[in-house]
Amino acid sequence: MDAVTFFIQTMNGIQYGLLLFLVASGLTLIFGIMGVINIAHGSFYMIGAYLAWSLMGWLGNFWLGLFVGIVVAFLLGLILEWLFIRFLYDRDHLQQVLVTYGLILIFSELRSVIWGDDVHSVAIPALLDGSIQLTDNLAYPVYRLWLSGICVVIAILMFLGIQHTRLGMMIRAGESDREMTKALGINIGLVYRFIFALGVSLAAFSGMIAAPISSIFPGMGGQILIVSFVVVVIGGLGSIKGAMVAALLVGLIDTFGKVMTLNIFGVNIFPEMAGMSIFTLMAVILLFRPQGIFGKEY
Amino acid sequence: MSNTLMSVTDLHSHYGLSHVLHGVTLEIKRGETVALMGRNGMGKTTLIKCLMGLVPFSSGDIRFREQDAKSLPTHMLARTGVAYVPEGRGIFKNLTVKENLLLAARLGFEGRREWTFDRVLDSFPRLKERLTHGGQQLSGGEQQMLSIGRALLTNPDLLLLDEATEGLAPLIAQEIWSIINVIKKSGISTLIVDKNFKALSKISDRCAVMVKGEIVFDDISSKLIGKPEALKSWLGV
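Note that the structure is predicted; figures quoted are calculated from it, not measured. (Residues numbered from 1 in each chain as written. Chains lettered and ligands numbered in written order. Predicted model: local features only at pLDDT ≥ 70, side-chain atom pairs only at ≥ 80, totals over all residues. Heavy atoms only, no water.)

*Asks:* When you look at the overall build of chain B in this model, what are you seeing that I'm missing?
*Replies:* Of the regular secondary structure elements, chain B holds 10 helices and 10 strands. Rg of the C-alpha trace for chain B: 17 Å, near the compact-globule value of 18 Å for 237 residues, within the 12% margin. With respect to the principal axes defined by its C-alpha atoms, chain B has extents near 45 × 40 × 40 Å. Look at the contacts in chain B between residues 6 or more apart in sequence, and 69% of them connect residues 24 or more apart. Here chain B has roughly 10,300 Å² of accessible surface; of this, 52% comes from carbon and sulfur atoms. (Helix = DSSP H or I, 4+ residues; strand = E, 2+ residues; numbered from the N terminus. Rg over C-alpha atoms; globule rule 2.2 N^0.38 Å. Contact = heavy atoms within 4.5 Å. Areas by Shrake-Rupley, 256 points an atom, 1.4 Å probe, with all protein chains shown as cover.)

*Asks:* For this particular structure, what's the right way to read the sheet that holds strand β5 (residues 67-68) of chain B?
*Replies:* Strand pairing in a sheet relies on backbone hydrogen bonds. The paired strands run either parallel or antiparallel. Residues and elements named next belong to chain B. Reading across from one edge, β2-β1-β4-β5 is the order of the four strands in this open sheet, with antiparallel pairing throughout. Every interior strand has two partners, whereas the edge strands, β2 (18-29) and β5, have only one. As judged from the nine bridges shared by strand β1 (residues 4-15) and β2, these two strands associate in the antiparallel manner. The residue of β2 that forms the bridge with Leu11 is Val24. (Pairing = 2+ DSSP bridges.)

*Asks:* Help me understand the packing of helix α6 (residues 166-176) of chain A against helix α3 (residues 97-104) of chain B, please; the structure alone is not making it clear to me.
*Replies:* Any two packed helices are characterised by the angle at which their axes cross and by the distance between the axes. Between α6(A) and α3(B), whose axes approach to 10 Å, the crossing angle comes to 105 degrees. By the angle between their axes, α6(A) is roughly perpendicular relative to α3(B). Of the residues in α3(B), those in contact with A:Arg166, A:Met169, A:Met170, A:Arg172 and A:Ala173 of α6(A) are B:Glu99, B:Leu102 and B:Leu103. Its residues assigned to classes, the contact of α6(A) with α3(B) comprises five nonpolar, no polar and three charged. (Axes fitted to C-alpha atoms, helices over the stretch in contact; angles between N-to-C directions. Parallel < 35°, antiparallel > 145°, perpendicular 65-115°, else oblique. Nonpolar A, V, L, I, M, F, W, Y, C, P; charged D, E, K, R; others polar.)

*Asks:* Just checking my understanding: could you explain the packing of helix α1 (residues 3-34) of chain A against helix α8 (residues 188-210) of chain A for this structure?
*Replies:* All names here are of chain A. Running from N to C, α1 and α8 point in directions that differ by 165 degrees, and their axes come no closer than 8 Å. Judged on the interaxial angle alone, α8 and α1 are roughly antiparallel. Crossing handedness for the pair α1 and α8: left-handed. Side by side, α1 and α8 meet where Leu19, Leu22, Val23, Ser25, Gly26, Ile30, Ile33 and Met34 of the first sit next to Tyr192, Ile195, Phe196, Gly199, Leu202, Phe205, Ser206, Ile209 and Ala210 of the second. Of the residues belonging to the contact of α1 with α8, the class tally is 13 nonpolar, four polar and no charged. (Left-handed = near helix turned anticlockwise from the far one by under 90°.)

Here is the structure:
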């Protein structure tokens, strides 16, 4: 592998990792703050991608579609929290998994009814439809750069929001002592509703911006859910910082696993076993740190 | 305007299968400091949590400022003027001292603003030195000061103080008692639970003694001191 290919694959790995972070951060936030295991999180990614396909088709504009999609996803999050999730805060994890699994089935069926079972794709917006020439025959697409950039901006905003805003203070307080937060006059239910809707929007947004570089297909929610859980478990449940580190690790390992060739004693490790690489990583990390890299010990 | 700030009538509470409160009736007047006494497990903390809306109760009535308060959620009770210093202090460990205070700061009933960030720091100079420290770095005494200061910043009319000086060194406890005295003088009603019978009976206007989920005595503090035998069986002092 030459230096330019290595560079391109590194960029791809980082870009995939950053996208994973956006999905996983919602998952880990909802778990860390509300204590809810939401396995329907992947469905929101899938819904985002299909929304992008519909909206960008109707409105004829990527950016307008993106904006409307975020608003729709946020409203969907508010409604779902009010209808289902708020009843789960004091329930055990099994019940949370059962309810959110029910949501997966509902969304999968709704997707089939509304959008059908076909595979679709979305065009890259004209503004970002170019590539940067690296060598005579290797180039890096501008859209992927933009995607990485927007993920970094959102990650920074999230860190700042949690550390330096009043809402962030409420979130951290609620995480530390829910009863006391209420006793100071803070409507923690409203804070939770907002956080859940924010998590849904993040997942849907990820699905929307991933749509132009990956195909839109029925099983995409389940696929991203599994990888996101790997990220959350490696990073440590509830830790945003952990989600970031783990997402980048997983993104890079997965990407390089698919392009590297590694042969030990005549057995092809990469790329043949690339599909296992991130799960192997998870197993190894859990062996030494059961709580994840940045997780709290239980 | 009635002189009663909070009144509790025939309150019953169950914790799983056990019946914790057996018809508690208690009244707290405006500006009054009421001591809530009793041995461990008699239902003091449960009563306080009921008043803060943190524990559901099966029957009975709670009125605050002559309004029905029994169906108000905790955050609404807090906004109408009830503040809470829990057993174990309830400090947000992942927030700094300053954030703990700023999060609580709000105007009181009818826009009152007697307690400000600066006034709380003046009352607890120790906290001033520790503003940027995390909640988990504080000593027990500092945590209690922070918890009380935080409650005062909500500009309450009624302060519920569970285990005011539990686990604190005598000198620190003294500091807490003197701040409770300041709170008393500022006209805030308080309901205090503490193990220190002497300090508590001195500072309070009235004593309520709980035995097995019932109030068995409710009168001015001096009358309780004149009942050594009852004191022994009720409180073990």
